[in-house]
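Architecture at a glance
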Amino acid sequence: MRRPDRFAAPLYVTRPVLPSLETVHGHLADLWSSRILSNQGPKHKWLEQELRSVMGVRNLTLFANGTLALALGLRSLGIKGEVVTTPFTFPATPHCITWVGATPVFCDISPDTLCIDPGAVESMITPQTEAILGVHVYGMPCDVHALERIAERHRLVLAYDAAHAFLTEIDGRPIGEFGHLSMFSFHATKLFHTIEGGCLVYSDASLRPKLDLLKNFGIQDENSVLEVGLNAKLNEVQSAIGLAMINEIEPERARRAALRHRYLALLAEIAGIRCLRLPQNVTDSLQYMPIRINAKEFGLTRDEVYRELLSFNIYSRKYFFPLCSDYAPYTQTRSGTTPNAHRASEEVLCLPFYGDMGMETVDRVVEILRYLSELARVR
Ligand SMILES: *Cc1c(COP(=O)(O)O)cnc(C)c1O
């Protein structure tokens, strides 16, 4: 068994998609002549319109990033009590709850979707509970129907961190149509991005003026400030990048779909590696390439695989380890038992996944994983 070659250059988990410089240039030329650089100018309005159409939603407001979008979304709904959420997520999810003065409460995830488990949510509800905040992890949708029933029964706000779920659909319905509000991130590491940026999609159209105030210091006009707002505006340069990126979405999705197909076919042959399978009725966001490593069957733990891959110059990511409930600010936070979340955080690894990595790179990554598993078996 020959040791496969090490990658000559570091292979990262993702690489940002970029539009052509000419397209960006055209947009920048407009800014140079108008000198409108921020404050919800023409590019910002145009991008909001484009995204409503691309994402198939009516109510959409842009923000400087996904974190501010989610925090201000929770603020716009006056959430101050407990919010039941998942520990298997990026730190921004519980941080947004904390920043608006509310209290996160953690519950377990379901072992199949790795998203918040509706039964576990219900077990954590108290008279102080005001909202549920689910995360569509890797674009796998939460059990939106069960969560909706729970939210209705207990009169709770239902919000989603949909940062991984750009263009995810359930039965052809855009993911942003579920719940009261959903946050999408347009960070450079996401498939569609504005370098930094994000948006909220929401069901109640009357929220829009409030969100527009909250992202601009609460300023209504020269004489009145109506809200304790922040500065969370997407500027005109970022909006221009977004406009130039619109045409990159479908080609990038096509490239990633082909890579995904290859990864799934090749990885199926390696014992101890499991891929997340989306249900038939769900459209893939093609954001990440997560695998789960069963240490007993594979012969190495996830952490050992992570380290071995580094020796081949492959920078995989342990999304999500540690759990948010193990971060310093949340060790005292109320939490149910979370065995599924713990297990997932010890087994998941996100492999390199971006459009121009090339099919042969997928083959080499899988060959290295196969080599590691065979090596572990003879040891
Ligand atoms: C990227 C991401 C965020 C943060 O979004 P920003 O736009 O970087 O603020 C929040 N939650 C999840 C799950 C993410 O992946």
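Reference entry: report on the structure contained in this document. (Residues numbered from 1 in each chain as written. Predicted model: local features only at pLDDT ≥ 70, side-chain atom pairs only at ≥ 80, totals over all residues. Heavy atoms only, no water.)

Our next topic: empty space enclosed by the protein. The final tally for this structure, using the stated rule, is one cavity of 30 Å³ or more. Of the voids in this model, the largest cavity is the one considered here, and its volume is about 30 Å³. When residues of the lining of the largest cavity are assigned to domains, at least three map to each of domain 1 (21-247) and domain 2 (248-378). (1 Å grid on protein atoms, 1.4 Å probe; cavity = no way out; pocket = protein on both sides within 12 Å on 5 of 7 lines; lining within 4 Å. Points joined across faces, edges and corners; volume = space filled by probe spheres on them. Domains from an automatic or database assignment.)

Moving on: the sheet that holds strand β14 (residues 282-283). With antiparallel pairing, three strands are arranged side by side in an open sheet as β8-β7-β14. Every interior strand has two partners, whereas the edge strands, β8 (173-174) and β14, have only one. By the bridge criterion, two bridges tie strand β7 (residues 169-170) to β14 in an arrangement that is antiparallel. Note that in β14 the partner of Glu-169 across the bridge is Thr-283. (Pairing = 2+ DSSP bridges. Helix = DSSP H or I, 4+ residues; strand = E, 2+ residues; numbered from the N terminus.)

Remark: helix α1 (residues 21-34) packs on helix α8 (residues 236-245), axes separated minimally by 9 Å, with the N-to-C direction vectors making an angle of 145°. Our pair here, α1 against α8, has a crossing hand that is right-handed. Taking contact as the criterion, the partners of Thr-23, Val-24, His-27, Leu-28 and Leu-31 in α1 are, on α8, Glu-236, Val-237, Ala-240, Ile-241, Leu-243 and Ala-244. For the contact of α1 with α8, the per-class residue count stands at eight nonpolar, two polar and one charged. (Axes fitted to C-alpha atoms, helices over the stretch in contact; angles between N-to-C directions. Left-handed = near helix turned anticlockwise from the far one by under 90°. Contact = heavy atoms within 4.5 Å. Nonpolar A, V, L, I, M, F, W, Y, C, P; charged D, E, K, R; others polar.)

Attention now moves to the packing of helix α2 (residues 42-55) against α8. Viewed as axis vectors pointing N to C, α2 and α8 meet at an angle of 35°, and their least axial separation amounts to 8 Å. Viewed along their axes, α2 and α8 form a crossing whose handedness is left-handed. Judged by residue contacts, Pro-42, Lys-43, His-44, Trp-46, Leu-47 and Glu-50 of α2 engage Glu-236, Ser-239, Ala-240, Gly-242 and Leu-243 from α8. Across the contact of α2 with α8, the residue classes break down as five nonpolar, three polar and three charged.

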